[in-house]
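# Summary of the model geometry
Each chain, letter by letter, is given below.
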Amino acid sequence: MREFLVRTSHSPRPLPSGRWQMTQRWNDLLLAHWPVPAADIAPRLPEGLEPDIFQGTAWLGVVPFWLDRIKVRGLPNIPGMRSFPDLNVRTYVRDEQTGTQGMYFFSLDASNLLAVALAHTLFHLPYHWAEMRLDQRSEREFSFYSRRRFSDQPVIFKARYRGLGPTRKLAEGRSGSLEYFLMERSSLFTRNRAGQAVRSSLHHVPWPLEEAEAEIEQNDLARSIGIELPDIEPVLHYSRRLAVYVWPTELVRPALAGRPVTVAATPLG
């Protein structure tokens, strides 16, 4: 953690309170985003969250990548979790009461069954076990295939993508840009088994983004959650790698049980 703090000392974002629960590194990410009406997103969010809007619309992202350097605080290195492909469908939300911005995961797919179980247990993440392949074709070019296991309907994602190198525009990543809106999120939201919104704090350096190209041959992910993507090319970015620290989950709206209740006295007639 000391090395990480030194590398992020320039960032104005303070560390979350408490101790991180998990750290991992995300590698060779394609970040594909489509504008989607907020009215399509809002009914699919748990109570207490609302779509975050940029340029008059909500945004839906599909992100294939692979991860490694996985460490859960208090546990030894777990066999079989050295590295594996991952795929998520996300949108961008805010807490209706506090205004806290974050990303919300509709679904995640992974090839590692143990990781799927662990993510369900620790972070209530809606993971699915999937058959996956990630093949590196050159330093920044990859082909990615995922097919969800035990699904009533086929849920397949198949794409080939490449990073095109950093640019000054993306390196700056200034507030007010689409890139800043999509990437600079310090909270992860999902829902627990009771359907309540839960939140985990995140900490990482600013995203090292590049321009990207992609040929997405098949993408059933949005349709699997009842959302139709617009028939336009997505906004594409590539990121080489990012170390991420994740804090324990907490309820967005803590239970009211146990709080004192004030009852007004009624004078007797």
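Residues numbered from 1 in each chain as written. Predicted model: local features only at pLDDT ≥ 70, side-chain atom pairs only at ≥ 80, totals over all residues. Heavy atoms only, no water.

## Some points on the confidence of the model for the protein
- Taken over all residues, the pLDDT of the protein has a mean of 87, while the share at 70 or more is 87%.
- Low confidence marks residues 1–11, where pLDDT is under 50. Its contacts with residues over four positions away, or in another chain, come to 15 contacts.
- Note on residues 256–269: pLDDT is under 50 here. Beyond four places in sequence and across chains, it has one contact. (pLDDT = per-residue confidence, 0-100. Contact = heavy atoms within 4.5 Å.)

## Side note on the packing of aromatic side chains
- Enumeration according to the criterion identifies 10 aromatic pairs in this entry.
- On the basis of an interplanar angle of 35 degrees and a centroid distance of 5.2 Å, the ring pair of Phe54 and Phe181 is categorised as tilted. Placement of Phe54 in the loop between β2 (49–51) and β3 (58–72) and of Phe181 in helix α5 (residues 178–183) is noted, with a sequence separation of 127 residues between them. There is no split in this pair, since Phe54 and Phe181 are both buried.
- An aromatic cluster is defined as three or more aromatic residues linked by ring pairs; in this entry it consists of Trp26, Phe65 and Trp207.
- Against the face of Trp129 rests Arg149, its NZ or CZ located 4.5 Å from the ring centre.
- Lying over the aromatic face of Phe181, Arg185 brings its terminal NZ or CZ to 4.5 Å of the ring centre. (Phe/Tyr/Trp six-rings, centres within 6.5 Å; stacked < 30°, edge-to-face > 60°. Helix = DSSP H or I, 4+ residues; strand = E, 2+ residues; numbered from the N terminus. Buried < 20%, exposed > 50% of the residue type's maximum accessible area, 1.4 Å probe, protein only. Lys NZ or Arg CZ within 6 Å of the ring centre and 35° of its normal.)

## Some details on the pairing of strand β9 (residues 187–191)
- Along β9, four of the five residues are buried, which leaves the element largely enclosed by surrounding structure.
- As paired strands, strand β5 (residues 101–110) and β9 are joined by two bridges and run parallel to one another. Pairing of Met103 across the sheet is with Leu188, part of β9.
- Relative to strand β10 (residues 197–203), β9 is paired through five bridges, and the arrangement is antiparallel. In the sheet register, Phe189 faces β10, and the bridge partner there is Arg199.
- Between β9 and β10, which pair antiparallel in sequence order, lie five residues; one of them, Gly195, sits at a positive phi of approximately 85 degrees. (Pairing = 2+ DSSP bridges.)

## Brief notes about the environment of Ser143
- Structurally, Ser143 is set in strand β7 (residues 141–148).
- With relative accessibility at 12%, the residue Ser143 sits in the buried group.
- Sequence separation between Ser143 and Arg160 is 17 residues; the distance between their C-alpha atoms is 4.2 Å.

## Focus on the pairing of strand β11 (residues 209–219)
- As paired strands, strand β8 (residues 156–163) and β11 are joined by seven bridges and run antiparallel to one another. Residue pairing across strands places Tyr161 opposite Ala214, the latter belonging to β11.
- Across three bridges, the pairing between β11 and strand β12 (residues 235–246) is antiparallel. Bridge pairing links Leu209 to Ser239 in β12.

## Remarks on the nonpolar core
- Counting 38 residues, the largest nonpolar core has Trp26, Leu125 and Trp207 as the members making the most contacts within it.
- Of all the elements in the fold, those that place two or more residues in this core are β1 (22–36), β3, β4 (83–95), β5, α3 (113–123), α5 and β12.
- For this core, the element with the most residues is β3, which contributes six residues.
- Beyond its immediate chain neighbours, meaning those up to four positions away, Trp207 contacts Trp26, Leu29, Leu31, Met183, Glu184, Ser239 and Leu242.
- In terms of nonpolar packing, the next biggest core, distinct from the first, is built from 34 residues, Val89, Ala130, Phe142 and Ala212 among them. (Core = buried A, V, L, I, M, F, W, Y, C linked by side-chain atoms within 4.5 Å.)

## A short note on the environment of Leu164
- With respect to the helices and strands, Leu164 occurs in the loop between β8 and α4 (168–172).
- Each C-alpha atom, one on Leu164 and one on Ala212, is 5.3 Å from the other, the two residues being 48 residues apart in sequence.
- Every residue in contact with Leu164, bar those within four places of it in the chain, is listed here: Glu210, Glu211, Ala212 and Glu213.

## Observations regarding α3
- For α3, the full list of buried residues reads Ala115, Val116, Leu118, Ala119 and Phe123. Burial along α3 is one-sided: seen end-on, the buried residues are contained in an arc of 170 degrees.
- For α3, the capping residue at the N-terminal end is Asn112, with a side-chain oxygen 3.0 Å from the backbone nitrogen of Leu114.
- Following α3 by one or two positions, His124 adopts a phi angle in the positive range, close to 60 degrees. (Arc of directions from axis to C-beta. Polar contact = N/O pair within 3.5 Å; in protein donor to acceptor, adjacent residues only side chain to side chain.)

## A short note on the pattern of salt bridges
- Under the counting rule described, the total for this entry stands at 18 salt bridges.
- The salt bridge partner of Arg148 is Asp109, with a shortest N-O separation of 2.8 Å. Placement of the pair is Arg148 in strand β7 and Asp109 in strand β5, with a sequence separation of 39 residues. Taken individually, Arg148 and Asp109 each receive the classification buried, so the pair is uniform in this respect.
- Connected through shared salt-bridge partners, Asp28, Glu139, Arg140, Glu210 and Arg240 make up one network. (Salt bridge = Lys/Arg side-chain N within 4 Å of Asp/Glu carboxyl O.)

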